[in-house]
Amino acid sequence: MNKKFLFGLIIGLVILADAVLWLLSACKVEGMDWFSLGWATVIAAGVLGLAFIGRGLFGKTAGPLKKLWVYFGAGFLVVAVVVLACECAMPKEIIAPIIAIVVAVALLVGFIAVGGKKWDTGDNQKVGYKNYYERKAEEEKQKEREDKED
């Protein structure tokens, strides 16, 4: 199964499940009175955050795009934490540290996703690189050697 297909399938299934649970809650089905739009948002944002982080970690794309997926996922997780705090009436003092932890973990995971490698290193940073003038000097020496041999 393709990773992109799996990513889309997970997102679609989560949104469908949230919509169904919200409909059951709106229809006053027994046992579903606890479910609200806030809980739907918490579930959707949490799963979307994890899905985007997973795509950033395991996707085969360029480094900046991997980091973008991870940071986008972290943004969803921050939304999930804020809405969860509102739904559960958490003390406001712990919301900011939780968001700081999510951001710090996102930065760390973004670094791990790209493996600490620079994706745009130029030729001039590779071992044995010679600039234009060095290459021209070598060509001149090569021409002189060939002229001497003739």
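As shown above, the structure is provided for reference.
Residues numbered from 1 in each chain as written. Predicted model: local features only at pLDDT ≥ 70, side-chain atom pairs only at ≥ 80, totals over all residues. Heavy atoms only, no water.

> Run through the overall build of the protein, naming residues and quoting values.
For the protein, the count of helices and strands is five helices and zero strands. Its helices and strands in sequence order give the protein the pattern α-α-α-α-α, from N to C terminus. By the burial criterion, 26% of the 150 residues in the protein qualify as buried. The long-range share in the protein, meaning contacts at least 24 apart out of those at least 6 apart in sequence, stands at 64%. When the accessible surface of the protein is totalled, it reaches about 10,800 Å², and 66% of it is carbon and sulfur. (Helix = DSSP H or I, 4+ residues; strand = E, 2+ residues; numbered from the N terminus. Buried < 20%, exposed > 50% of the residue type's maximum accessible area, 1.4 Å probe, protein only. Contact = heavy atoms within 4.5 Å. Areas by Shrake-Rupley, 256 points an atom, 1.4 Å probe, with all protein chains shown as cover.)

> How would you summarise the pattern of salt bridges if you had to cite specific residues and measurements?
Scanning the model with the defined rule gives two salt bridges in all. Ionic pairing is found between Lys-130 and Glu-138, a salt bridge with its closest N-O pair at 2.3 Å. Residue class for Lys-130 comes out partly exposed when judged on its relative accessible area of 34%. Across the pair Lys-136 and Glu-139 runs a salt bridge, and its minimum N-O distance is 3.6 Å. Taken together, the residues span about one helical turn, with Lys-136 and Glu-139 both in helix H5 (residues 132–149) at a distance of three residues. (Salt bridge = Lys/Arg side-chain N within 4 Å of Asp/Glu carboxyl O.)

> Kindly report on helix H3 (residues 63–88), identifying the contributing residues and their values.
For H3, which comprises 26 residues, the first-to-last C-alpha distance of 37 Å matches the rise-based estimate of 38 Å (1.5 Å per residue) to within 8%. Every buried residue of H3 is accounted for by Gly-63, Lys-66, Trp-69, Val-70, Gly-73, Ala-74, Leu-77, Val-78, Ala-80, Val-81, Val-83 and Ala-85. (Expected span 1.5 Å × (residues − 1).)

> Mind laying out the packing of aromatic side chains, listing which residues take part and the relevant values?
Applying the stated criterion across every chain, the model contains seven aromatic pairs. Between Phe-72 and Phe-76, the ring centres sit 5.2 Å apart and the planes meet at 80 degrees, which makes this aromatic pair edge-to-face. Here the residue Phe-72 and the residue Phe-76 both occupy positions in helix H3, the gap between them amounting to four residues, near one helical turn. Owing to a relative accessible area of 45%, Phe-72 belongs among the partly exposed residues under this scheme. Seen from their ring centres, Tyr-132 and Tyr-133 are 5.4 Å apart, and the 80 degrees between their planes marks the pair as edge-to-face. The exposure class of Tyr-132 is partly exposed, given its relative accessible area of 46%. (Phe/Tyr/Trp six-rings, centres within 6.5 Å; stacked < 30°, edge-to-face > 60°.)

> Help me get a handle on a negative patch on the surface, residues and values and all.
A surface patch of like charges, here negative, comprises Glu-140, Glu-144, Glu-146, Asp-147 and Glu-149. Positionally, Asp-147 belongs in helix H5. (Patch = residues over 30% accessible without salt bridge, like charges linked within 9 Å, V, L, I, M, F, W, Y side chains within 5 Å. Lys, Arg positive; Asp, Glu negative; His and termini not counted. Charge placed at Lys NZ, Arg CZ, Asp CG, Glu CD.)

> Describe unusual backbone geometry, listing the residues and the values that go with them.
Phi at Lys-28 takes a positive value of approximately 60 degrees, unusual for a residue other than glycine. Residue position: Lys-28 is located in the loop between helix H1 (3–26) and helix H2 (37–58).

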